[in-house]
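# Residue-level structural notes
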Amino acid sequence: MVNGTFSQLVTLGSSGMLLTALIVLWRKGVPAYITAYKWQAWLLAAITATVGYYGRDPQLYWVAAGLLALKGVAIPALLRTMQRRFGAQREATPYVNTEVSLVIASVLVLFAYVLARPWMTVTHLPTRQGLPLAMGLLFVSLFIVVSRKKAITQVIGFLMLENAIALLAVVGTYGVPLLVEFGVFLDALMGFLVMQIFVYHIHETFDSIDVEELTRLRH
Amino acid sequence: MAFGSSALIVMVVGYTGGACLSLLAPSERLARAFTALGAVAGCVGGLAAAAGVLATRVPVEAMLPSLVSAAGGIVIRLDMLGAFFLVLIAAVGLLAAIYGITYTAEYEGRHSLRLFGLMFNGFLLGMTLVPCAANVFTFLLAWELMAVTSYFLVMTESEHLETRHAGLWYAVMTHFGFLLLLPMFLMMAPGGDATTFADLRAGAALMPAETRSGVFLLALVAFGSKAGIVPLHVWLPRAHPAAPSHISALMSGVMIKLGVYGLLRVVVDFLGTGPAWWGGLVLAAGSLSALGGVLYALTENDLKRLLAYSSVENIGVILLGIGAGLVLQSYGLRALALVGFGAALLHTLNHACFKALLFLATGNVLHEAHTRNMEQMGGLIKGMPQTAILFLIGSAAAAALPPLNGFASEWMVFQALLSGAQIPQPEVAIGTPLAIGVLALTSGLAAVCFVKAFGISFLAMPRSDNAAHAREAHWSSRAVMGVFAAGCVVLGLMAPHTLSGIYRIVESLSPRTPPAPSAAVGSVWLVAPNGIAQVSPLLIACFLTSVIVVLVAVLRVRGVELRHADTWGCGRIQQTARMEYTSSAFAEPLRRVFSELYRPTEDLSISVHPESRYFVRSITYTSQVVPWIERAFYDPVARGMFACATQVRRLQGGSVHLYLLYLAGALMVALASAWWFK
Amino acid sequence: MSRYLAIALQTLVAVALAPALVGFIRWLKARLQGRRGAPPWQPYFEIRKLFGKEAVVSHTASWIFNVTPFVVFGTSVLVASLVPLIIAPSGPFLVGDLFATVYLLLLGTFFLALAGLDTGSPFGGMGASREMTVVALTEPTVALSIVALALNAGSTSFSQIVARTLAEPRAALGPGHVLAFAALFIVTLAETGRLPVDNPSTHLELTMIHEAMILEYSGPYLALIEWGAALKLLVFLSLAANLFVPWGIASSLSPVALTIGFVSLIAKLGVLAVVIAVLETRVAKLRLFRVPELLSASFVLAALAVMSTVLAR
Amino acid sequence: MILSVLLMPPLLASCLAILVRPYKRFVGWVSLIGASLSFAASIALCATVVTAGPLQDAASATALWRVDALSSLLALCIAFVALLAAILGQRVGRPDREELSQTRHFRIFTNAFVFTMLAAVTIQNVALMWVAIEATTITSAMVIPLTRTKASVEASWKYILICSVGIALAFAGTVLAYFDFVTTAGEVPGSLNWTVLRATAPSLHPQLLQLAFAFILIGYGTKAGMAPMHTWLPDAHSEAPSPISAMMSGVLLAVAMYAIARWKAVVDVSVSPWFTNSLLTAFGLLSLTIGAFSLVIQHHYKRMLAYSSVEHMGLVSIGLALGPLGTFAALLHVVNHAVAKSMSFLLAGRILHRYETTEIAKVTGLLRVMPWTGSLFAVGILALVGLPPFGLFVSEFLLVRAAVVSGRFWVAGVVLVLLLIVFASLIDHLNGMLYGEAPAGVAVGERCNWSLAALALSVGVLVVLGVTLPRPISALITQSVRGVIP
């Protein structure tokens, strides 16, 4: 029975994360995206802690703490400074309007479930329910990166993609070895910092962070 | 044996030495000297090696397996057929190198003679290695080395725009041929690792019929694009005029013959006997090239393009010989097939001789009159008497007039085709006489073409002051051309000797054939297959000279007073150069006869005086013959490629979202395929 | 020995007879047109007169202009020695076969065209261009008619062909033979510049082909060229006659056979001369760009001849 | 010990560049010495690996670093190209404005970039290899906007975004494979090492590995510049300074290909090779086609070289899919391409420095203006097009032979046709650049200095690879082929 609550908690957490991704598709304002990302990071840290508790793996606590500090607190703060700096309140009209993007998101989640069916037969981990949700989150965040026009929104989409993969790791394998976890952290942070520098560059040279401007290099 | 391989080593060292020395030469003059020195040394080595093999009939072999062992290493084997072509290359190369010394003197300021020296020696090295190669990798290495170096040689006079276009056309067509050689050799390699020619020969015997036909077709197209068979000849009339004259002599006289060498090596040596349609296809290609080549040569006003098209025609004649040989071989008439291949090789030798002479003579004309356009030449025989005589001998040989070598080989091709009529099936036998008709028409048109080439550019009054002031070039160039002219005469008179030697070479190709027909009637007679007809160029020459001597003696005895006066012009006051027949006028009747083939573009514009339309101010008539082969085959391909390119260019649209969409799409496709294929 | 002497004599006879043949045709045409016409041996007087005159050479002409008459006459004489007139030359003395004959004549025309171009006058150029066009278009016909004959006889040398037709008289009337004869006759008219293709007796600038090339010649040079042309006509006619109607050719060297051979040659040449004369009075000259149609007709005849011989075999 | 001599110099040079506050010239010389040191180490490494077999830093299976034939081959290429770039990269960036800070910035990230590539190739742990490759993206992205122009900012943004998204997908694939491994074999220490993965591969689930390979192919394919994920490559390579674009085009693509080859070895054990081969052939042909046709109408020579990289990576991926013969050809092609492409990019940098334009139409009379650079550039292009005396001809010859021997005639046919199109377009562009008159305002003439000698050395290497293919190199490649093909 213990496993029951454990798997329910993990499934709840992962579906919560998927929900936050859908908020980005639904809402228009960039501050809303930042809060959505913050909640997603917190949920990920919670899931990691629960897996650590039930899987009796103390290391995961350190990982959860790291996640919380890095993705839960530091990155949203940096995002807010960036957003205040550019004053990019409204997301420019995206390529795909809201209704159509939500339909696409649902199709992608459906595809993720179809894709994940063979995994369910393979594993008997209690957290296997989280796998398709993680794949769904991966596809939805990919869709966000593809369809949104503001540079900040694309960065948020990319961060959500990394959250999806972290979730996949936690749910699928109860966390990758510590050294690898540390490496992935380092890369996530460095990646985000570089992207942040580039957004400042774009703002400085194009004095707008609308990615539509960036079409000089063609053919 | 040791002599042969040491001669080959001398050859390779000579060329590479010449190449490196000329590259690092301090001054341009020294670079020129080193180029010639290296080339002469290499050619002498090559000649010695080939002569050794031809004399002793023992092939020279050398192995360097350590080099590129993965691809089979460098293997050299010079057999009789290879030696024949090596003699051709080395002889023409030697004379062209000597001619080049004075010819490239005018390049001193404009082009880097160091690069020219490097490329010239590299070109000769590549060409001489092709007949010596004995495994796939060495053959392809030498083949492409020849192509690359000749590309840079064609590009020496790069200031003109059409030279650059010519270079591009040449590079792409040669590479097209090269990229067909690759699969051809690989289809023949049985296990994929055994790639020496001996393995290919063994493997070819066990190949199923359709692979053999596939290999034959690839060989015909690949070597045809190097030899310049009609649909694939488009680079020839562009590259040869653009190259310096002694380079185009080398390319036209010898390089395109390596296409013939490749065809013989693969089809006759490796594949042996094939179905009859092989020979039929070669006959068709031969007649197409012969007729197409000469027809376009007729309408050319640029002397070098005329000679380039005439090379296409002569390649057609060679292919007629090979085609006859193949058809006869497929019906088991081995002795007659031998005559066909022998005739083809004899014509290869003769064409190399007179075409090199003609190109070098054009080089002299270009050097002095600074133009290739025949419409601006005329009266050069006054300023350049010796070049004129040599050009006349070359054009007489090219028009296959009796005592010279062109007649001997063309007569043998006629007899080889005639013996095709003895094939049991009548419907196949009808093909060879029709080929005789095509060959006769071609030789007739060739006669017209060379009357025009010699008559318009050398005779009558000069049409430009450049032509009027033209004087003889350096004595060394005339000496070199003299050697070629002597070659034409001697090869013509001594044709029976060379032919018996060539029969021994062709026999070495397929040892199973019976001994050659009795050519030993007397070393004076050229004998048709199984002795049905004979002709002796030597006796013809003797009778002709004796009759002419008698006539001259008789007239001299009676005394002939000569009075010089103006040309009679129906009472005109003064004869000017503008009244002469021009080259386009000379070819105009035939252009009208074959207008269906030429489809010339004609436009006539008459400008009338403003006051009244009855007073015509000027009439301008321009007519151009654009080879429709290019419009029919090559333009669609180029347009198609550019259309695809514009579509693909649009892929890189510039928007990040588009790129990310590609990424996501690719992911979806990969996941679907992973999920789909259990 | 006697065979070489006979052939040498035969060649001399041909050289001597040629101007008479041209004179006879001119005389016959005059008679048909109701004129008295010059006697058949008039050309001998012309040649003797021309040899006496001085030769005028143009300033622009080069050495080719002086060499051409000798080459033209030389090739004609050499071809006359190859063609079966009275006896069929054979064995080592035979220098060439049919192909060699055609190419020797081509050599003569080659130099004549060059001489035409050499003087720089537009007439010479026009004549050379048209003559070479006609020669180029007749080449395939001549080659195919030779092939038609050679396929029957199995060889392209004259003696073999003559011997084969003598051995099998029935073959002489075969379709291959007749068609080849017709083709070769049309080619003869074209090559020697007879009426349908070119009018030998005119000096009208735009119509003459052969005459235009030799417009500049005078004196002994003109004599040699005229004599060479006459000899070429005799060679073509005797070729047409003896290859297709070989009866009467002396097979042995006995004086009786030789006289029969000579008489039959004269008779055959006479018949052909009459045919040509009648033809020339009846037919008008073809426009230059209708000549290729005539020549392609002869080419089709020759091709049919070849097909009938090959397929009938 | 040799491993540390290989890895340490670039790391130390980068740290030195960070620490030295007022940037001094000697940092450039230090990184040059570091590069030559690591090159010598890589040669020693190859020698030991060929003779003594794979080298590990710790005896047990959980060793972090492991160098077998394949990784030593790639380490050799990386070190050689890094040395070339270090020699040629002395004066970098715009000479007039704040040149010192740019050079310092450049020094830090170039050396870091070399370190990450060397680490990626020698690490045994799959996930850490991913981390190293992600780090290469980040370090190289930092250098692209060295000269702050609209074009370079745009190129850097596209590069970092597309590559990071691609690499993230690759990590998803890695996690999936690890998930499959954990469910079958449980938490084994050092489980993410190649050797352990290959050992347990037969027992993994085929359909799961297929999905994992799909993610990995798309992920690392983006880094390798395979179509249709190649779109960042022309922008990044044409805007980056020439030493960086030489290293990126020469070896960074090869490192990504190395990762795909490693994973193919694992996946082929459980899933039948037909699956991976067909995917690799499909993507290979697509990149060859897009690369070839994009070259036809091309107006910038740097983008021309970038598209030619896409085309060559297409050839390598087709080679990997053609069995042992094909893999031998593919690995030889990687080595040849690294040398030829880096040389061409460095020369393009010199041309850009003299002509100040990347337009092909504006660069004329190259042979007259810069005779040495022009002729070396011509040699580079002729090598890239696959003409005999150079190495690429041997690898393309072996590739086509592998296709014909393995019975895939249509693949060989399509490859040959596309190679002809590439040949035609590159020769046309080269033709336009080499000949013609020197444009006004361009200084004519050039002194032959020792940095050109280094490029002449690389031409020597190409000819040696093309004509002789020395025995140690072919032995190294045959060993690494055994490493890749199960």
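A brief look at the structure comes next. (Residues numbered from 1 in each chain as written. Chains lettered and ligands numbered in written order. Predicted model: local features only at pLDDT ≥ 70, side-chain atom pairs only at ≥ 80, totals over all residues. Heavy atoms only, no water.)

## What to know about the overall build of chain D
Scanning chain D from N- to C-terminus turns up 19 helices and 2 strands. Computed over C-alpha atoms, the radius of gyration of chain D comes to 21 Å, within 12% of the 23 Å expected from 2.2 N^0.38 for 486 residues, which places it in the range of a compact globule. Looking at the 486 residues of chain D, the share that counts as buried comes to 71%. For chain D, the share of sequence-separated contacts (at least 6 apart) that also reach a separation of at least 24 residues comes to 80%. For chain D, the accessible area works out to roughly 13,100 Å², and carbon and sulfur atoms hold 70% of it. Treating the 28 positive side-chain charges of chain D as one cloud and the 19 negative ones as another, the clouds have centres 5 Å apart. (Helix = DSSP H or I, 4+ residues; strand = E, 2+ residues; numbered from the N terminus. Rg over C-alpha atoms; globule rule 2.2 N^0.38 Å. Buried < 20%, exposed > 50% of the residue type's maximum accessible area, 1.4 Å probe, protein only. Contact = heavy atoms within 4.5 Å. Areas by Shrake-Rupley, 256 points an atom, 1.4 Å probe, with all protein chains shown as cover. Lys, Arg positive; Asp, Glu negative; His and termini not counted. Charge placed at Lys NZ, Arg CZ, Asp CG, Glu CD.)

## A closer look at the overall build of chain A
Helix and strand content of chain A: 7 helices and 0 strands. In chain A, the succession of α and β elements from N to C terminus is α-α-α-α-α-α-α. Against the 2.2 N^0.38 benchmark of 17 Å for 219 residues, chain A shows a C-alpha radius of gyration of 18 Å, consistent with a compact globule. Across its three principal axes, chain A shows a C-alpha extent of roughly 55 × 35 × 35 Å. For chain A, buried positions account for 58% of its 219 residues. Considering only intrachain contacts with a sequence separation of at least 6, the fraction spanning at least 24 residues in chain A is 78%. Entry remark: accessible area of chain A is about 8,800 Å², with carbon and sulfur atoms responsible for 67%. Mean positive and mean negative side-chain charge positions of chain A (16 and 11 charges, respectively) differ by 7 Å.

## Focus: the interface of chain B and chain D
Across the contact, 59 residues belong to chain B and 63 residues belong to chain D. For the chain B and chain D pair, buried surface summed over both sides reaches about 5,500 Å², with 79% attributable to carbon and sulfur atoms. Considering only the surface of chain B that becomes buried against chain D, L186(B), Q652(B) and L663(B) emerge as the three largest contributors, covering 11% of it. The interface formed by chain B and chain D contains 0 salt bridges. Among the elements that line the side of chain B that touches chain D, the one with the most residues is helix α6 (residues 161-188) of chain B, at 13 residues. Residue composition of the side of chain B that touches chain D, by class: 41 nonpolar, 12 polar and 6 charged. (Buried area = accessible area lost by both parts, 1.4 Å probe. Salt bridge = Lys/Arg side-chain N within 4 Å of Asp/Glu carboxyl O. Nonpolar A, V, L, I, M, F, W, Y, C, P; charged D, E, K, R; others polar.)

## Topic: the arrangement of the chains
The chain pair with the greatest number of contacts, out of 4 pairs of chains in contact, is formed by chains B and C. Separating chain C from chain D is a minimum C-alpha gap of 41 Å, and the two share no contact.

## Structural notes on the nonpolar core
Among soluble globular proteins, nonpolar side chains are generally buried collectively. Within the largest apolar cluster, 661 residues are counted, with the highest numbers of intra-cluster contacts made by F139(B), W157(D) and Y220(D). No other element matches the 23 residues that helix α6 (residues 150-185) of chain D contributes to this core. Those residues in contact with W157(D) that lie beyond four places of it in its chain are A151(A), Q154(A), V155(A), M195(A), F198(A), V199(A), I202(A), V211(A), L214(A) and V656(B). (Core = buried A, V, L, I, M, F, W, Y, C linked by side-chain atoms within 4.5 Å.)

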